[in-house]
Every structure is written in C-alpha cells, then in structure tokens.
Amino acid sequence: MSNPFRYFNSSPEVIRLVVMMYVRYPLSLRNVEDLLAERGIDISHETIRFWWNRFGPMFAAEIRKNRVARLRRFPQWRWHLDEVFVKINGKLCYLWRAVDHEGEVLETVVTAKRDKAAALKFLKRIMKKYGQPRSVVTDGLCSYPAAMKEIGNADRHEVGRRLNNRAENSHQPFRRRERAMQRFRSAKTLQKFSSIHAQVHNHFSQERHLVTREVYKQRRSAALLEWRGLAA
C-alpha cells in the first residue's frame, strides 16, 4: 500500500493525533486548534476539518476490518437495535444503530424513514457483515417484526421494556459529539461521521468500570499503540 501521508508536510503522528482528538472527544474544530497550539503545533481549524474527512474513513476502515475478522470467529449471541431522530436543516432523519451484547457498535445507518424497508436494509447490511445472531432485541417499533419476519428470523426477535437499554445507552457518546459539532448539514456527513465515530469509540472503549486500574492502563496503552500504527 502506498503511503497516504506522502503529500503532507505534517508528520503522520500529528495527523493521527488530530483525527483522534476531533472524533473521539466532544471538541469543536477550534477547540482542537487551541489545544494543539498549547503543545506547540500550529495548524488551522480548516486543516483539522480536511484531515478528519481525508483520514477518518481510512482509519475507521482499518479498525473495522480487524474487528470484523475477530468477531466473525465467535458466535453472535445477542444484538440490540435502536434508532434515534437526528435533525438536518430542519428535517428529521433516522440514525439506526446495532450493538452486540458487550456494547460494541456493529453498524450505523442513516435513512429518511423508519419503515419496514429501512429496517430491512439495516438488518441485511449487518447480517451480511457479521452473520446471524442468536437473538435480536429491539424496542416496540412495528418495522422491526415486519422486517424480521421477511428474512425468516421472527423466532429470534425479542422485545422488552428494559431489554434494549444497551442500545439506548450507546447513543450517548454520539449525542455529546453531535452537540459539540452543532448538528449536521447533510445526511452524507452524518453517515460518514457516525461510522467513523463508532469505530473510534469501539477502539478506545476498554470497559473501564469492569476492570482494575492496572488492567485499564494496559488496555489503554495497547489501544494507543495500535492507533499509532494505523495506515503505517
């Protein structure tokens, strides 16, 4: 693979740091610019915008490729599906999200509607990539059972009042990021950023509340080391 950084004056380490700071944390472009200036790195907020658009999908694709290969080696126990409203230029669209039983974000899809066709498109997309789960948990939206029935998985569908809390909670990091960005201007940008954000969030999510500090520090160091090797 050719070097993706060959036409840039800045070092790959700085580019990776900038993309990580902007995507992972709820910071605006100018917030990232100011934080970098304190570290002696002088770049414009427009450069940050260009870098995350250019390198964000590349980094996310590499993370996704490694994680999908890892996940497909194990049986998929339970998926949690949910959708949220996102306003774009005054119009509502829907961001569908699938997470596994450990909270790993599997896929995000943006649609204009939340009918049976949209649910079917979402289900087929994640099943093609990850295979068949043992069960699928959703909320009470009627589009889910209609889509599950069409693909022949109606017997694996579960609906419960609190069963889908894992999917509901998975929206919170993205919502915080959305507020910092002051919403989105197009569905294309929303789809692009949500996909990148999901993979970066997965990469750095170390289940901090379930392990000791020493284990967490080891996992964090391993995640940072792997991040520094992206597109190398």
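As shown above, the structure is provided for reference.
Residues numbered from 1 in each chain as written. Predicted model: local features only at pLDDT ≥ 70, side-chain atom pairs only at ≥ 80, totals over all residues. Heavy atoms only, no water.

**Describing the overall build of the chain**
Our working definition: Put simply, DSSP marks the helices as runs of H or I at least four residues long and the strands as runs of E at least two long, and each gets a number from the N terminus on. Two things to know: the radius of gyration comes from C-alpha atoms, and the globule rule equals 2.2 Å times the number of residues to the power 0.38. It only takes one pair of heavy atoms within 4.5 Å for two residues to be counted as in contact.
In terms of helices and strands, the chain carries nine helices and five strands. Listing every helix and strand of the chain by position from the N terminus yields α-α-α-β-β-β-α-β-α-β-α-α-α-α. The C-alpha radius of gyration computed for the chain amounts to 19 Å, which stays within 12% of the reference 17 Å derived for 232 residues, consistent with globular compactness. For the chain, contacts bridging at least 24 residues in sequence account for 61% of all contacts bridging at least 6.

**Points about the side chain of S194**
Formally: Exposed residues in this analysis have more than 50% of their type's maximum accessible area, buried residues have under 20%, and partly exposed residues fall in between, with area computed by a 1.4 Å probe over protein chains only. Contacts described as polar in this section are N or O atom pairs within 3.5 Å, which, within protein, must combine one atom able to donate a hydrogen with one able to accept it, while residues neighboring in sequence count only if both atoms come from side chains.
The topology assignment puts S194 in helix α8 (residues 187-204). Residue classification places S194 among the buried positions, given a relative accessible area of 1%. Of note is the side chain of S194, whose polar atom sits 3.1 Å from the backbone oxygen of Q191. Contact partners of S194, with chain neighbours within four places excluded, come to L95, T108 and F174.

**Some words on the pairing of strand β1 (residues 76-88)**
Filter applied, for reference: Between any two strands, pairing holds if DSSP finds at least two bridges.
Along β1, 10 of the 13 residues are buried, which leaves the element largely enclosed by surrounding structure. Of the strand pairs in this sheet, β1 and strand β2 (residues 91-100) are connected by 10 bridges, and their pairing is antiparallel. Residue pairing in the sheet places D82 in a bridge with R97 of β2. The turn joining β1 and β2, which pair antiparallel and follow one another in sequence, is formed by two residues; a positive phi near 50° is taken by N89.

**Re helix α5 (residues 143-150)**
Applied cut-off: What the arc measures is the spread of directions leading from the helix axis to the C-beta atoms.
For α5, every residue scored as buried is listed here: S143, Y144, A147 and M148. Looking straight down α5, one finds that the buried residues subtend no more than 125° of arc, so they occupy a single side. Residues of α5 that are buried sit in contact with β1, β2, α4 (116-130), β4 (133-138) and β5 (157-159). Once α5 ends, the next one or two residues include G152, with phi positive near 85°.

**Some thoughts on the pattern of salt bridges**
Which entries qualify depends on this criterion: Take a side-chain nitrogen of Lys or Arg and a carboxyl oxygen of Asp or Glu: if they are within 4 Å of each other, that pair is a salt bridge.
For the structure shown, the criterion picks out 10 salt bridges. Close ionic contact of R49 with E46 constitutes a salt bridge, the shortest N to O distance being 2.9 Å. Here the residue R49 and the residue E46 both occupy positions in helix α3 (residues 45-71), the gap between them amounting to three residues, near one helical turn. With a shortest N-O distance of 3.3 Å, E158 and R78 are connected by a salt bridge. Taken together, the residues span a long stretch of sequence, with E158 in strand β5 and R78 in strand β1 at a distance of 80 residues. E158 sits in the partly exposed class, given a relative accessible area of 25%. Taken together, the shared-partner salt bridges connect E107, R125 and K129 into one network.

**Overview of the state of the cysteines**
Stated precisely, the cut-off is as follows: Note that a disulfide, as used here, is simply two cysteine sulfur atoms within 2.5 Å.
The full count for this structure, using the stated rule, is zero disulfides. No disulfide involves C93; its nearest neighbouring cysteine sulfur is the one of C142, lying 19 Å away. Classification of C93 by relative accessible area gives buried; the value is 8%. Judged by its relative accessible area of 59%, C142 falls in the exposed class.

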